[in-house]
Amino acid sequence: MKEYKFTGIILLMLLSGLTSCRKYLDVVPDNVATIDNAFTMRSQAEKYLFTCYSYLQRDGDPEQDPAMLGGDELWENDENGGIYKNIAKGLQNVVNPYAENMDYIYRALRDCNIFLENIGKVPDLKDAERRRWIAEVKFLKAYDHFCLLKKYGPIPLVKENLPVNADANQVKVFRAPVDSCFNYITSLLDEAIPGLPLTIDNPTRELGRVTQLIALTFKAKILVTAASPLFNGNSDQQSLKNHDGTQLFSQTVSKAKWDSAAAACKRAIDMADDLGMKLYYYQPAFQQFQLSDTIMTQLNIRNAITEKWNSEIIWGNTMMNTSYLQELLTPFLDSRYLDETVTKGLYSPTLKIAEMYYSSNGVPISEDKTWNYSARYALRKATDDYKKYIRNGATTAGLNFDREPRFYADMGFDTGIWYGQGNYDDSQDQSLFALAAKFKEPQGVGKPGYGTVTGYYVKKLVHYQNVIAQTSYSTSGYPWPTLRLADLYLLYAEALNESAGPTDEVHRYLDLIRKRAGLLSVKDSWTQFSTNPGKFTTQNGMREIIHQERLIEMAFEAQRFWDLRRWKEAAKELNTTVMGWDVNQTSAAGYYVPKKIFNQSFGVKDYFWPIKDYNITVNSNLVQNIGW
Amino acid sequence: MTNYVLHFINLTYMHNTYSECSFGMDRSMLRTFIRILRLTIILMIAILLQVGATGYGRKISLSVKETSLENVLKDIRKQSGYNILYNPNLLKETRLISLEVHNVSLEFALQKCFEGQPVTYVIEKQTIIVKSRSAPAAVSNEDVASLKITVTGTIRDSAGILSGVTVLVKGTTTGTKSDQNGRFVIDVPNDNAILVFSFVSYLTLEVPVKGRNVINVVLLPDTKGMDEVVLVAFGVQKKTDMVGSVTTIKTSDLKVPSSNLTTALAGRAAGIIAYQRSGEPGQDNADFFVRGVTTFGYKTSPLILIDGIELTTKDLARLQPDDISSFSIMKDATATALYGARGANGVILVTTKQGKVGRANLSLRMENSISAPTKNVELADPVTYMKMSNEAVLTRTPLGEVVGGGDVFYSDDKIANTKAGANPNIYPANDWKKIMFKDNTQNQRLNLNISGGGGIARYFVSGSYNKDNGIMKVDKRNNFNNNISLKSYTLRSNVTIDVTKTTEMIVRLSGNFDAYTGPIDGGAAMYTKVMRSNPVLFPAYYPLDEEHQFVKHIMFGNYDAGQYINPYAEMTKGYKDYSSSLMLAQVEIKQDLSFLTKGLSFRTMVNTNRSAYFDVSRFYNPYWYKLAGYDQTKTSYSITNINPDQGTEYLGYQEGPKNVASTFYMESMLNYNSTFGKKHHLSGLLVYMMRDNLTANAGSLQLSLPFRNLGLSGRATYAYDNRFFAEFNFGYNGSERFYKDKRWGFFPSAGLAWTISNEKFFKSLPNYVSNLRLRATYGLVGNDAIGRPEDRFFYLSNVNMNDPSRSAYFGRDFSGGEGLNGVSISRYSNPVITWETSKQKNLALELGLLNKINIIAEFYTQDRTHILMDRSSVPVTSGFSAPIKANVGEASSKGTDISIDFTQNFKNGLWFSARGNFTYASSKFKVYEEPQYKERYRSRIGNSLNQNYGYIAERLFVDDEEAANSPRQNYGVYGGGDIKYTDVNKDGQITEADIVPIGNPTTPEIVFGFGFSIGYKGFDMSAFFQGLANESFWIDVNATSPFASYVYDGEIIGGKLQNQVLKAYADNYWSEDHRNVYALWPRLSPQVNANDAQTSTWFMRDGSFLRLKQVELGYTLPRKVQTRLHSSNLRLYVNATNLLNFSKFKLWDVEMGSNGLGYPVQRVYNVGLNVSFN
């Protein structure tokens, strides 16, 4: 009998186990987060808005922005090996392209579309705010598309998201012709602009978010790009066609594109004027020392970039904090602090850039009647007259003498004065930092991982009030100036010159910039000093002047890389040898000898990124860019 | 009753004494407490004695009428618990008994029963032996020829006594069986009689009586394995009845001189693909797969079940061969179908020993072994190193000027002085390996088990202790041990209790405990650090000099700013302790339900286990010293401290992870077994199981949810006349990972077998074919571990609502200002995802020849469908932030497992056996979602799952010009002396489209082993060879690229790394002076040259090898000596593993494959002693 009982109990256990088995596998509780949770209330939806913003490009970050190291503007020693220098070296490839970010940006676009699809569902969101958010995300959609466009040329447009389970043929999208891309981008901006705020009401919380002016300026820049030779009837790209024969680059040059670009620039400038924006001039409320005009001019130039939220910043990219960049750029200035390893002095401007700057007369050094161009590599001893620029009595190359203020504001060089960084009294010029950049000198090469490779340093992007201490470096971070007024003025001048020729209006905006840089007007400079005094009277001459002005004004701001491509001048500029001083020398005579660093080469194919081979393998409807 | 009272008084007395020293407890409270205690104790004793009374009480009650003596004796056996030994023939003459006694003693009852019988009895131990009355008067008409002799004896095998052995007088039906003590009693008609001893799975032995009264015999195992019982899913089957494909490994084969069981698997069992990549204690688990790998999903390894419980490879590794009762590998669908959604990758099923009735049997095994690397990687000497380092810089930057001056350039002076062997503190020339590693190390293993029991309870208790030491040197100046010392302990207790006559309860408790001390990053890291340490910049440490005579710490050498790796300091600066444990408690109840229907039984088992791990590191920060200056003429030097602020003389401490997990498992089973008529045998099985697993530090919500499985499985077998066999199995399983309507799956399988040799017509054939059998099975099995644990719930999307990597910041002070984290999706929901399904077919042929040779050959195919994979048709423009996955992959595999064994016994006691195994398993992709390649060769379809892909390396470029004029190679800078790849698709450049399948698969397709054993009298000797073939591996270019800084995956390392130069490279590389376009190593480079580092045929090597895996020589002491020692079996043995290796590859032990720079596989010499007492 005992057995029966025992067995009975066991069988009962077994049966009870069986009955509860369905529930047994339901281990997942409710309330596991899904994407719907993002749109149940305003505070969550706001996170999604920030998600869309989070994809903003880190402009000016040498490790994320190919425009910093990918061209001929800045060079770096091989040891630190910034990966994008490989683009400059011609090592771009189709297998694993450098600075490939299609993946990243299309992801951004998917998130933007998810936001736009769902934002209507959020119950506690006020209509005005909803309108603004939608406008911001539409702007970001345009921004993301443009980031792809300038890299890859014609691209597949993602107007709406394809479903997760879309079939294979549906997802195999085609590249859209360049004009359609630009039209779609500008139409998105047109949709966005009315919903955007004029200004940021709450600067402490929201500076950096998109405003009408940002959108208008951005649109102006996009239209200038669309009108530029690279996209406007580019015959090099004639053979780029989709498999169905669609021509991706229109083969007719359209002047109307310049007209609308100029109009868009003007519209943005007008709004900037209405908002009281103007080019930056250094006007401190309190000044410890009575500074010389030379240094004042230099601070006008330097602070226009490094003074955060100054009067000419249209769009500060808050996603790109420059503190780290400044650490990388600042040379090891203060030789009292031997243990200090934060400042690295990487990223050296090339000799070509040093030669690009005007003479002190505001004309190219090769055109200046008064400037001894042929003796630019010869040694010369600095006199008292140059003490704000070059250490009194030091010997350096002719190239570093008699240059425009932007030369001295933007770059540091061996024997050159480096104002700021803790030493502010410029009347005591001996107390200011001056670089000693020959081999094994404090700012020279010799310490592994530090120092210049060309003999030049970037000063422009370093805030003058950053202070070097024993083992640290306190930096004044500023958001990267993605759009600033000077940029807009130059775009306007360029577009207007193309659309209407070298009118007074063109001169007006160029001269505003030159004035801030401490130079005479174009007319005065060229007439008085140039070997080609009538250059500005022709459209072509004026184009050259505008281009050089732009390259100088926007130097080291990650613009040259794109501008050379946009103008189709890269094939000329990037087919030369990268040069620098012979930094492994200890004497001035040895040091100031131009040394070849690298032979660059650039072909038609290099105007656009290769589409990653794998992406073409997956979607055979994508055609590869020419030459890759 | 007196007994109780006695106990009671004792206890009362005891707590009276104890109450004197009560600890301030209130008296009345204490009294109450004692009363309760007393009551409890009395009750407990009463229960215990009650139980005892049913078992061991000698009171017998009999009430029989006209019953045969045999039946009465059976009744007595039941009541007394005594065994009864008799010769049935002897009882034929006995008279019937009528008896009525109540609560009498056993002796009295027996006396009554044997009164006036022709037989009598004696009681020996707990056995009643029935024998004929020796009174000669009883044999009135005696015939001299039929004078009976009573022979007794004990039957043993090499391990101990054997019970149940049949003893027959040859040519008669007279026979008996040995009892639980291995003893037998038999009457033989005369001196010329021959006794035949036979027992399942042992060789039949014939012994002439020759007038002896005591005959002790030792039976030898029958390696033919006829009638062997095989462990199968949820039960056992006779080997002759098997339909499914199950391989068993004899536990003796698993006794290798290693604390890791998995290292013994390769080549021992047909159907297992196994190889060992590392020799580091604690990290030396072999990789093994049942019939290779047929999925490219997540889990490819077999399900490991120890006593029915799913455990990990590590737990299997720690299992003691001495504790194992059986080890089975289930290979086909019929064998694994019962495991339903979990069995697709094969199942390894191990059971541990149970106690047997009998006296306590104590068995002890002790081993001490010496181990040393089978092969050490040879490095270039320091002078060559420096010369090559200079060359590497010069050949890539011809001016020899590296801007920034980062690389060390060795001066001619330094090279010359190093070569001349000048002061090693000024001109260091370190052989780091010699400095850091010993030549060999010693390990100890000890295993002790005791088993035995009586009619009511049986036990098996074992404990073992293994100590494995690493090969690192220890600096005497530290007072801690930084060498690896892995101590593992196991304790196991299996107790079987007969709760009622039909109910059996088994309680199994076991624990594995590892206690480890060793270098902070482990042993392999020491090897890889040596590989990346500069040999000439500084010595391991500077000796104390006058200036530093008061320094207490070790003055470790370093260079420049102290950023270089000093491996000696890394090794000796501290140590790590870890402790891991697994504890397992299991209760199993078996209930015979014969009273309902004959042959019905029920079994249920509940198990829980807990595993735990933690580690802690203690270390100081080394003080670095560098050469400050030296005088060349006097060879004096001065040194200076680099890091006075950072170094410490005292230990710091860091805690590691602490992981705890718990598992619950329950299974209940109904079993039915029946024979109808004489020829129909039917059996059925129904099993219900549930499993639940929880982890403490799961890391995420989804991972923290319990892992669960639920299943109902069944089996039905039918056998007809031992000729035809049929089997049907099913598994109906659920897994929590899938969406509701995809959770449950049904996995049926069926098989047929035909024993041709049991057919009548076959008997008429010549009898050299002793066994011929065919088997065929077909079925489905599943695999629910299709994705990583993090990807469990595919039907749910995984959204991070607070992802800092998707954050944005705004505001005036944007950096610390107003920001919000964003939202990110790491998985898109897909409710249709479910498990992989494997369709398996198996055909087997069993062939026995001359009763000596046994061959089992099996052929199988597997078709795996629903393999989870990333959808590759999703282009980049879709913008998904996580791969889209679906059950779309399909793969298939096929292969053969063959095992052959041969046994021969010779009259003079010499025996010989040989065995061979061969496993071939190949796989291929059938459906693999991939882009539609223009080039057909890029497709994976049709290639092995472990196929590697790469470029075809033609040779090295002769010079830069040739490089410039060849198709462009898209991987960074390259020139003369770099590898030239074939432009397969002829498009003028080397892109991914030129990648083709290269070499053999990365897991071997063929694994084989063969060996022999030979014995004569007390001596035995065995040798075992093992090998594998059809495997390719790649030399790790990045890790071996001279002077490059290489960081392994997941490694966090502070300091400047510089690869050493392999001697093989130094001997044979492309240089500008010696442009050998087929040199082993391309043009030198101070960094890894990305062009040369592409996966290509250049660094592909053949992984096949044949090795003498094990040799063993043993000696069992003669019986006479053993009797004096009171031991029943004493064997001494020496063995060695990995003695010889035959392979084309010479740089390191080829079995390590690409992992050659790690902790080497060991060669072990071992001395052992195995003794048992009975």
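Thresholds applied
- Position numbers for residues count from 1 along each chain, tracking the sequence in the order it is written.
- Each chain takes a letter, starting from A, and each ligand takes a number, starting from 1, following the order in which they are written.
- Side-chain atom pairs in this predicted model are given and counted only at pLDDT of 80 or more, local residue features only at pLDDT of at least 70, and totals for whole chains, interfaces and linings cover all residues.
- By convention in this description, side-chain values take in all heavy atoms of the structure and omit both hydrogens and water.
- Secondary structure counts use DSSP, requiring at least four H or I residues in a row for a helix and at least two E residues in a row for a strand, with both numbered from the N terminus.
- As defined in this context, the radius of gyration uses C-alpha atoms, and a globule is described by 2.2 Å times the residue total to the power 0.38.
- Burial classification: accessible surface area is computed with a 1.4 Å probe over protein chains only, and a residue below 20% of its type maximum counts as buried, one above 50% as exposed, and the rest as partly exposed.
- Axis definition: a line fitted to C-alpha atoms, over the contacting stretch in the case of helices. Angles run 0 to 180 degrees between N-to-C directions.
- Should an angle fall under 35 degrees it is taken as roughly parallel, and over 145 as roughly antiparallel, whereas 65 to 115 is taken as roughly perpendicular and any remaining angle as oblique.
- Whether two residues are in contact is decided by their heavy atoms, any of which lying within 4.5 Å being enough.
- In the scheme used here, Gly and all other residues not listed as nonpolar or charged are polar, with Ala, Val, Leu, Ile, Met, Phe, Trp, Tyr, Cys and Pro taken as nonpolar and Asp, Glu, Lys and Arg as charged.
- For every residue, the predictor states its confidence as a pLDDT score lying anywhere from 0 to 100.
- One requirement defines pairing of two strands: DSSP has to find at least two bridges between them.
- Nonpolar core, defined: a set of buried Ala, Val, Leu, Ile, Met, Phe, Trp, Tyr and Cys residues in which side-chain atoms within 4.5 Å join the residues together.
- Given a helix with a known number of residues, its expected span is that number minus one, times 1.5 Å.
- Note that the arc is defined by the directions from the helix axis to the C-beta atoms.

Participant: An account of the overall build of chain B is needed here, citing residue identities and associated values.
Facilitator: What chain B contains, in helices and strands, is 19 helices and 57 strands. Its C-alpha atoms give chain B a radius of gyration of 36 Å, near enough to 32 Å, the size a compact globule of 1174 residues would have. Here the C-alpha coordinates of chain B stretch approximately 120 × 80 × 70 Å along the principal axes. Burial statistics for chain B: of 1174 residues in total, 53% are counted as buried.

Participant: Got a sec to walk through the packing of helix 18 (residues 504-516) of chain A against helix 19 (residues 522-529) of chain A? Specific residues and values, please.
Facilitator: Residue and element names in this part refer to chain A. Running from amino to carboxyl end, helix 18 crosses helix 19 at an angle of 85°, the nearest separation of the two axes being 9 Å. With respect to helix 19, the axis of helix 18 lies roughly perpendicular. Every residue of helix 19 that contacts helix 18 at Asp-504, His-507, Leu-510, Asp-511 and Arg-514 is listed here: Val-522, Lys-523, Ser-525 and Trp-526. Among the residues making up the contact of helix 18 with helix 19, the classes are represented as three nonpolar, two polar and four charged.

Participant: Go over the confidence of the model for chain B, please, and point to the residues and values.
Facilitator: All names here are of chain B. For chain B, per-residue confidence averages 83 on the pLDDT scale, and residues scoring 70 or more make up 91% of the total. When the criterion is pLDDT under 50, residues 1-26 qualifies, and its contacts beyond four places in sequence or with other chains add up to 13 contacts. Overall, residues 135-145 carries pLDDT values under 50, and its contacts beyond four positions in sequence, including any with other chains, amount to two contacts. ipTM for the predicted complex: 0.88, alongside a pTM of 0.77.

Participant: Report on the sheet that holds strand 28 (residues 555-557) of chain B, specifying residues and quantitative values.
Facilitator: Residue and element names in this part refer to chain B. Spatial strand order, 27-28-31-32: four strands in an open sheet with mixed pairing. Across the chains shown, the open sheet's two edge strands, defined by having one partner strand only, are strand 27 (541-542) and strand 32 (636-641). Of the pairings in the sheet, the one linking strand 31 (residues 624-631) to strand 32 comprises six bridges and is antiparallel in character. Across the sheet, the residue bridging to Gly-629 is Ser-638, located in strand 32.

Participant: Residue-level account of the pairing of strand 13 (residues 229-232) of chain B, with values.
Facilitator: Pairing analysis gives four bridges linking strand 13 of chain B to strand 14 (residues 235-238) of chain B, with the strands arranged antiparallel. What sits directly across from Val232(B), in strand 14 of chain B, is Gly235(B).

Participant: Summarise the nonpolar core; cite the residues concerned and give the values.
Facilitator: A general feature of soluble globular proteins is that nonpolar side chains tend to end up buried together. All names here are of chain A. One finds Phe-115, Phe-139, Tyr-357, Tyr-456, Leu-461, Leu-510 and Phe-556 to be the most contacted residues of the largest nonpolar core, which totals 188 residues. Among the elements that take part in this core, helix 7 (residues 127-152) stands out by supplying twelve residues, more than any other. Excluding anything up to four places from it in sequence, Tyr-357 contacts Ile-365, Arg-403, Glu-404, Arg-406, Phe-407, Asp-410, Met-411, Ile-552, Ala-555 and Phe-556.

Participant: Can you explain helix 3 (residues 69-80) of chain B? Please cite residues and give values.
Facilitator: Residue and element names in this part refer to chain B. Relative to the 16 Å expected for twelve residues at 1.5 Å per residue, helix 3 spans 16 Å between its end C-alpha atoms, a close match to the ideal helical length. All buried positions along helix 3 are accounted for by Leu-69, Val-72, Leu-73, Ile-76 and Ser-80. Taken down its axis, helix 3 places every buried residue within 100° of arc, on the same side.

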